[in-house]
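Below, each chain spelled out in residue letters.
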Amino acid sequence: VEQPDIKSEQFQKKLQNFFNKGFGAFERGNLDMAIDLLHQCIEMSPGHSRARKFLRAAAIQRFNKRNTSTLQKRLAEITAYPDYLKTTMLLRSGKAGKALIAGEKLLQKAPLSVRYVCLTADAAIAAGQKEAAIMLLETTREQTHDNPALLLHMGAAYQQVEDWRKARDTYNNLVNLRPHDANAMKLLKDAEARLSMSGTWDEVGQQGKDGFRSL
């Protein structure tokens, strides 16, 4: 299949058109249309962060309107399980880009499932979309209580972008939840060490060549 020229004016115009219509539908509260159009945006351009952000917001809003009880939310998660298996198989077979798209569709059905979010975040990282992974994890944490699996994935995502301060804070929350978890404690200490090293090198860099020689 011939791949579209993403740099062409025609492609960019089409992409912008999808986004404008999708964002407009989101503002009007037409969540079904917004989700369809914004999903087409990220299929065309996986790095379109604004489309992914509003797609995520629309999916959560629609889910919360349709599923007001814990039982309804649990049933929605069960119904989406075949999509979870599909996403898992794509990711394991090395098709990260397709796994990410499948994961986005999965999250349209159960956007607050920690298991599904973590899988989609893994796919995003494998596809080179680290910021997308962080956005998915952070928006889930805003909607749910602290969950050990979610915090573990968030810490790993922050490590991927070398945000050691947020990694440290996240692992600290994980240790508070699991004070006897040796792995959580190790991750926290590693993040603290990385943060300390980062601060040291920043200070040395400001001192110039003499600072490096002194260190």
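This structure is a prediction, so every number in the text was calculated from the model and none was measured.

Asks: For this particular structure, what's the right way to read the overall build of the protein chain?
Replies: When helices and strands are counted, the protein chain shows 12 helices and zero strands. In the protein chain, the succession of helices and strands from N to C terminus is α-α-α-α-α-α-α-α-α-α-α-α. A burial count over the protein chain gives 41% of its 215 residues as buried. Partitioning the intrachain contacts of the protein chain with sequence separation of at least 6 by distance along the chain shows that 54% fall at a separation of at least 24. On the protein chain, roughly 12600 Å² of surface is accessible, and the fraction owed to carbon and sulfur atoms is 50%.

Asks: I would appreciate a short explanation of helix H7 (residues 114-126) in the present structure.
Replies: Within an α-helix, residues lying three or four positions from one another point in the same direction, as the helix has 3.6 residues per turn. The terminal C-alpha atoms of H7, which comprises 13 residues, lie 18 Å apart, in line with the 18 Å expected from a rise of 1.5 Å per residue. Residues of H7 that are buried sit in contact with helix H3 (49-66), helix H4 (70-79), helix H5 (81-92), helix H6 (96-109), helix H8 (130-143) and helix H9 (148-160). Positive phi shows up at Gly128, right after H7, with a value of about 85°.

Asks: Looking at this structure, how should I read the nonpolar core?
Replies: Where a protein is soluble and globular, its nonpolar side chains tend to be buried together. Tyr116, Leu137, Leu150, Ala167 and Tyr171 are the most contacted members of the largest nonpolar core, which totals 38 residues. Per element, the largest residue contribution to this core is eight residues, and it comes from H7. If you look at the next biggest cluster of nonpolar residues, it comprises 19 residues, including Ala25, Ala34, Cys41 and Ala51.

Asks: Any chance you could explain the pattern of salt bridges here in plain terms?
Replies: Counted according to the given criterion, the structure contains 10 salt bridges. Notably, a salt bridge pairs Arg62 with Asp32, separated by 2.8 Å at the nearest N-O pair. Taken together, the residues Arg62 in helix H3 and Asp32 in helix H2 (residues 31-44) connect sequence positions 30 residues apart. When its relative accessible area of 15% is taken as the criterion, Arg62 is described as buried. Looking at Asp32, the relative accessible area reads 36%, which means it is partly exposed. Here Asp190 ties to Lys186 by a salt bridge, and the two come within 2.9 Å at their closest N and O atoms. Here Asp190 pairs with Lys186, and both are found in helix H11 (residues 182-207), just four residues apart, close to one helical turn. Here the residues in one salt-bridge network are Asp32, Arg62 and Arg66, joined through shared partners.

Definitions and limits used
- Residues numbered from 1 in each chain as written.
- Predicted model: local features only at pLDDT ≥ 70, side-chain atom pairs only at ≥ 80, totals over all residues.
- Heavy atoms only, no water.
- Helix = DSSP H or I, 4+ residues; strand = E, 2+ residues; numbered from the N terminus.
- Buried < 20%, exposed > 50% of the residue type's maximum accessible area, 1.4 Å probe, protein only.
- Contact = heavy atoms within 4.5 Å.
- Areas by Shrake-Rupley, 256 points an atom, 1.4 Å probe, with all protein chains shown as cover.
- Expected span 1.5 Å × (residues − 1).
- Core = buried A, V, L, I, M, F, W, Y, C linked by side-chain atoms within 4.5 Å.
- Salt bridge = Lys/Arg side-chain N within 4 Å of Asp/Glu carboxyl O.

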